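# Coordinates in review
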Amino acid sequence: EDLNRVIQQPPPLTEEELKRDASICEQRGEDAAGALAWLRHLERNKSFLVDLMQGQLQSSLKCSCCGHKSRQFDPFLYLSLPVDWDMFQLTDALDKYLDEERLVGDEQWYCEKCRKKVDAMKKIDLWMLPPVLILHLKRISFNARTGKMSKIGRLLSSPSSLDLSRYCSSPQKQGAKYDVVCVVNHNGRAS
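What counts, and where the lines are drawn
Residues numbered from 1 in each chain as written. Predicted model: local features only at pLDDT ≥ 70, side-chain atom pairs only at ≥ 80, totals over all residues. Heavy atoms only, no water. Core = buried A, V, L, I, M, F, W, Y, C linked by side-chain atoms within 4.5 Å. Buried < 20%, exposed > 50% of the residue type's maximum accessible area, 1.4 Å probe, protein only. Helix = DSSP H or I, 4+ residues; strand = E, 2+ residues; numbered from the N terminus. Contact = heavy atoms within 4.5 Å. Pairing = 2+ DSSP bridges. Phe/Tyr/Trp six-rings, centres within 6.5 Å; stacked < 30°, edge-to-face > 60°. Axes fitted to C-alpha atoms, helices over the stretch in contact; angles between N-to-C directions. Expected span 1.5 Å × (residues − 1).

### What about the nonpolar core?
Judged by nonpolar contacts, the single largest core of 23 residues is most densely connected at Leu 79, Leu 126 and Leu 164. Secondary structure elements with two or more residues in this core: β3 (79-82), α4 (90-98) and β7 (120-128). Apart from the residues within four sequence positions on either side, Leu 126 is in contact with Gln 56, Leu 57, Leu 79, Leu 98, Tyr 167, Cys 168, Ser 169 and Ser 170. Of all hydrophobic cores here, the second largest spans seven residues; its members include Leu 103, Trp 109, Val 118 and Ala 120.

This is the structure we're talking about:
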């Protein structure tokens with residue numbers, strides 16, 4: 001907050017402005033929707049941290065009944081990647097983070113077109129990568145049966161240079177290659 005270069009926050013968008021934005025996004029497609037969402041974010045959040053370390057995700061939901069698709073663009077400061085014992089590479093965790101997920105049962109999605117909760121497919125994509133990318137590895141596992149947490153101690157290997165091009169759903173103006181410059185390991189217990 002103290003670093004924000006936006007001195008005076010604009011008022012929240014009115015219902016009419018939100019509808020206009022939605023109409024623009026629908027007419028002009030994904031690129032315009034992503035750019036408009038980023039513009040709306042920068043109207044309220046502008047700092048050297050945003051410039052340096054914030055990127056943008058695209059999340060989409062697709063109804064399994066009628067095919068209706070909803071998409072949303074959200075800023076991120078870091079990616080929190082799940083780790084499990086079956087992984088060996090850092091890219092395995094990235095693959096799992098970006099895997100398509102089926103929402104069923106208690107996790108069903110409310111489809112505006114069907115006007116009811118339905119099974120759906122959820123997908124997260126990397127839309128815009130920041131100049132500096134922070135990857136957080138989620139190594140804590142919670143066992144609902146025992147109520148205990150445990151640390152997943154699997155070591156993941158990574159090349160010294162990481163190309164994320166194949167994970168991006170839009171062209172990256174600055175490229176998608178990163179040098180791995182820092183790794184921080186926490187020693188300790190999960191509890």
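### So, the pairing of β7
In this sheet, β7 lies alongside strand β1 (residues 55-63) in antiparallel orientation, the contact comprising eight bridges. By the bridge assignment for β7, Gln 58 is matched with Asp 125.

### Observations concerning the packing of aromatic side chains
Per the stated rule, a full pass over the model turns up one aromatic pair. Geometrically, the ring pair formed by Phe 73 and Trp 127 is edge-to-face, given 5.1 Å between the ring centres and 70 degrees between the ring planes. A residue pair is termed long-range when its members are at least 10 positions apart, and Phe 73 in strand β2 (residues 69-76) and Trp 127 in strand β7 qualify at 54 residues. The same class applies to Phe 73 and to Trp 127, which are both buried.

### Section: the sheet that holds β7
Here four strands make up an open sheet; going across it, the order is β2-β1-β7-β4 and the pairing antiparallel. Strands with a single pairing partner mark the edges of an open sheet, and in this sheet they are β2 and β4 (101-103). This sheet shows a mean twist of 25 degrees between the axes of neighbouring strands, independent of strand direction. Of the strand pairs in this sheet, β4 and β7 are connected by three bridges, and their pairing is antiparallel. Residue pairing for β7: Glu 101 is matched across the bridge by Lys 122. Its contacts with the sheet put helix α2 (residues 30-42) on β1, β2 and β7, and the angle it makes with β2 is roughly 40 degrees. α4 rests against β1 and β7 of the sheet, and its axis sits at about 125 degrees to β7.

### A closer look at helix α1 (residues 15-28)
Helix length check: α1, at 14 residues, gives a terminal C-alpha distance of 20 Å against a target of 20 Å (1.5 Å per residue), a fit within 8%. Gly 29 lies just past α1 and shows a positive phi near 90 degrees.

### Here we look at unusual backbone geometry
Of note, the phi angle at Arg 115 is positive, near 60 degrees, even though the residue is not glycine. On the secondary structure map, Arg 115 appears in the loop between β5 (109-111) and β6 (116-118).

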